[in-house]
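# Tertiary structure, described
As a plain string of letters, each chain reads:
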Amino acid sequence: MTLAPAKTNVANSSISSDTLTSLHAPSLSLCHVIRAYITRNTINADTLTEQQRLNHFPVAAVCIVTWYLQGQAEIVQVGDTKCKQALPCPIVFSGPRSEPVTTSNPGPVDIFILVLSPETLHLLTDIDVAFHNNRSSAFSAVFDTEWQAMAQAVLHAANHEQRIELLEDFFERKWQSHAPRRHLSMHLFTDLIQGMAVQMLASKWLRSVRQIERQIKSLSGMSFQRQHVLRRAERRFITTRDMVLNSKKSWADIAAETGYADQAHLCRETRKSTGLSPEELKIRIMNDESYWLYRIWL
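Residues numbered from 1 in each chain as written. Predicted model: local features only at pLDDT ≥ 70, side-chain atom pairs only at ≥ 80, totals over all residues. Heavy atoms only, no water.

## Some details on the overall build of the protein chain
Heads up, the rule is: Helical segments are the DSSP runs of H or I of at least four residues, strand segments are the runs of E of at least two, and each set is numbered from the N terminus. Think of it in three bands: residues with accessible area under 20% of the maximum for their type are buried, residues over 50% are exposed, and the middle band is partly exposed, with areas taken using a 1.4 Å probe on protein chains only. Using a 1.4 Å probe, the Shrake-Rupley method yields the accessible areas, and only the shown protein chains count as cover for residues.
A count of helices and strands for the protein chain gives eleven helices and ten strands. Buried residues in the protein chain amount to 51% of all 298 residues. Total accessible area on the protein chain stands at roughly 14500 Å², and carbon and sulfur atoms take up 52% of it.

Following this line, the structure appears as structure tokens:
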């Protein structure tokens, strides 16, 4: 398999042509477990400024494992709060985030990122995902020896293609071995069940809905309502990125397409998720190297 570099139709001098960023989808059989693989390489981007070495991440209902094949990183801002927290490289586990986060690379980096579904990670490991919300930890402090051996193999693999093959083999075995347990979990997180739960909130089955919500929170570390908000935000980011590329959609169109009451509602939630207004976010996606994640996320 080949990882194709991300491309944008927007040309601007603040976006470096020397950085290599790619996104790759998992095998169809693992789509409930793995959301994506992401790579980022700035080794040949010698002219990046300090600002361009920042990395902006929105709120997200996912878990992330990051392998720093080269380089280091630190968290420099969470929400509106400035901070300085070194990440425990070379292998970092991060839980779901309820506030936007900014990290910084003091120098060149070569990283490989695995994006995981929190509910299925809990299913495969019994890890308390809720405990790891808004936390970044050394991978070895969270996972058992079998998972650590896998992570070390990925760290020392020859290339990204081999890393993906190692992860696909590992998660395929894990996923198949948990077949008896995964049935309920998967049904809880399909759009069909979510739609049913929303309808049930206004019905006589309120008690059943609360049981479903408790189960969702125990599996993912987030409430049903928060999951719904974050997944809607993800759809908005996709639409925003598309708008940047084709310049055809208005903010009112985006609000209508992604389920918001109106444009004002969209603006409020965009600021909560990213720290920026929709128009500011659009400009950053177009012009700012450090918003690379927004440009590649599909």
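## With respect to the confidence of the model for the protein chain
Note the following rule: On a scale of 0 to 100, pLDDT captures the predictor's confidence in every residue. The contact criterion used is simple: two residues touch if any of their non-hydrogen atoms lie within 4.5 Å.
Per-residue pLDDT for the protein chain averages 81, and the proportion of residues at 70 or more is 72%. Taken as a whole, residues 1–13 scores under 50 in pLDDT and shows 27 contacts with residues more than four places along the chain or in a different chain. Within the model, the stretch residues 183–207 combines pLDDT values under 50 with 33 contacts to residues more than four positions away or in other chains.

## So, the sheet that holds strand 2 (residues 34–41)
In plain terms, the rule: Here, any two strands with at least 2 DSSP bridges between them count as paired. Axis definition: a line fitted to C-alpha atoms, over the contacting stretch in the case of helices. Angles run 0 to 180 degrees between N-to-C directions.
Strands sit in the order 1-2-9-4-7-10 across an open sheet of six strands; the sheet is antiparallel. The sheet is open, and its two edges are formed by strand 1 (20–24) and strand 10 (136–138), each paired on a single side. For this sheet the average axis-to-axis angle between neighbouring strands, irrespective of direction, equals 20 degrees. Lying on the sheet, helix 2 (residues 145–155) is in contact with strand 4 (63–70), strand 7 (91–94) and strand 9 (110–116); it crosses strand 4 at an angle near 45 degrees.

## What about the pattern of salt bridges?
Just so we agree on the cut-off: The term salt bridge refers to a pairing of a side-chain nitrogen on Lys or Arg with a carboxyl oxygen on Asp or Glu at a separation within 4 Å.
With the rule as written, the count across this model stands at three salt bridges. Measuring nitrogen to oxygen at the nearest pair gives 3.5 Å for the salt bridge that ties Glu-280 to Arg-271.

## Some points on the nonpolar core
The line we're drawing: Here, the term nonpolar core denotes a set of buried Ala, Val, Leu, Ile, Met, Phe, Trp, Tyr and Cys residues that are joined through side-chain atoms within 4.5 Å.
Core analysis: the biggest nonpolar cluster contains 30 residues, and Trp-67, Leu-114, Leu-116, Phe-139, Trp-147, Leu-167 and Phe-171 have the highest contact counts within it. Those elements that place two or more of their residues in this core are strand 2, strand 4, strand 7, strand 9, helix 1 (118–125), helix 2 and helix 3 (160–177). Not counting residues up to four positions away in its chain, the partners in contact with Leu-167 are Tyr-37, Trp-67, Phe-112, Leu-114, Met-150 and Val-154. Within the second largest apolar cluster, 17 residues are counted, among which are Ala-36, Tyr-68, Leu-87 and Ile-296.

## Thoughts on the packing of helix 1 against helix 3
For clarity, the threshold we go by: We call two directions roughly parallel when the angle between them is under 35 degrees, roughly antiparallel when it is over 145, roughly perpendicular when it lies between 65 and 115, and oblique otherwise. Only Asp, Glu, Lys and Arg are considered charged in this grouping, and only Ala, Val, Leu, Ile, Met, Phe, Trp, Tyr, Cys and Pro are considered nonpolar; every other residue, Gly among them, is considered polar.
Remark: helix 1 packs on helix 3, axes separated minimally by 10 Å, with the N-to-C direction vectors making an angle of 70 degrees. If you check the angle between helix 1 and helix 3, you find them roughly perpendicular. Residue-level inspection shows Thr-120, Leu-123 and Leu-124 of helix 1 in contact with helix 3, the latter providing Phe-171, Lys-174 and Trp-175. Split into classes, the residues belonging to the contact of helix 1 with helix 3 amount to four nonpolar, one polar and one charged.

## Some remarks on helix 3
Rule in force here: For a helix, the expected span equals 1.5 Å multiplied by the residue count minus one. Within 3.5 Å is the distance limit for a polar contact, defined as a pair of N or O atoms, with the added protein rule that one can donate a hydrogen and the other accept it, and that residues adjacent in sequence qualify only through two side-chain atoms.
Between the first and last C-alpha of helix 3 there are 26 Å, a value that for 18 residues agrees with the 26 Å anticipated at 1.5 Å per step. Residues of helix 3 that are buried: His-160, Arg-163, Ile-164, Leu-167, Glu-168, Phe-170, Phe-171, Lys-174 and Trp-175. N-cap assignment for helix 3: the residue whose side-chain oxygen lies 3.2 Å from the backbone N of Glu-161 is Asn-159.

## Quick word on unusual backbone geometry
Cis geometry is adopted by the peptide bond preceding Pro-90, which originates at Cys-89 and carries an omega value of 15 degrees. Position of Pro-90 relative to the elements: it lies in the loop between strand 6 (81–86) and strand 7. The backbone of Asp-126 shows a phi angle near 65 degrees, a positive value even though the residue is not glycine. Relative to the helices and strands, Asp-126 is located in the loop between helix 1 and strand 10. For Asp-126, a relative accessible area of 52% puts it in the exposed group.

## Describing the environment of Val-142
For Val-142, the location among the structural elements is in the loop between strand 10 and helix 2. Given the relative accessible area of 18%, Val-142 is considered buried. Sequence-wise, Val-142 and Val-92 are 50 residues apart; in three dimensions their C-alpha atoms are separated by 9.7 Å. Once residues within four sequence positions are removed from consideration, Val-142 is found in contact with Phe-93, Ile-127, His-132 and Ser-137.

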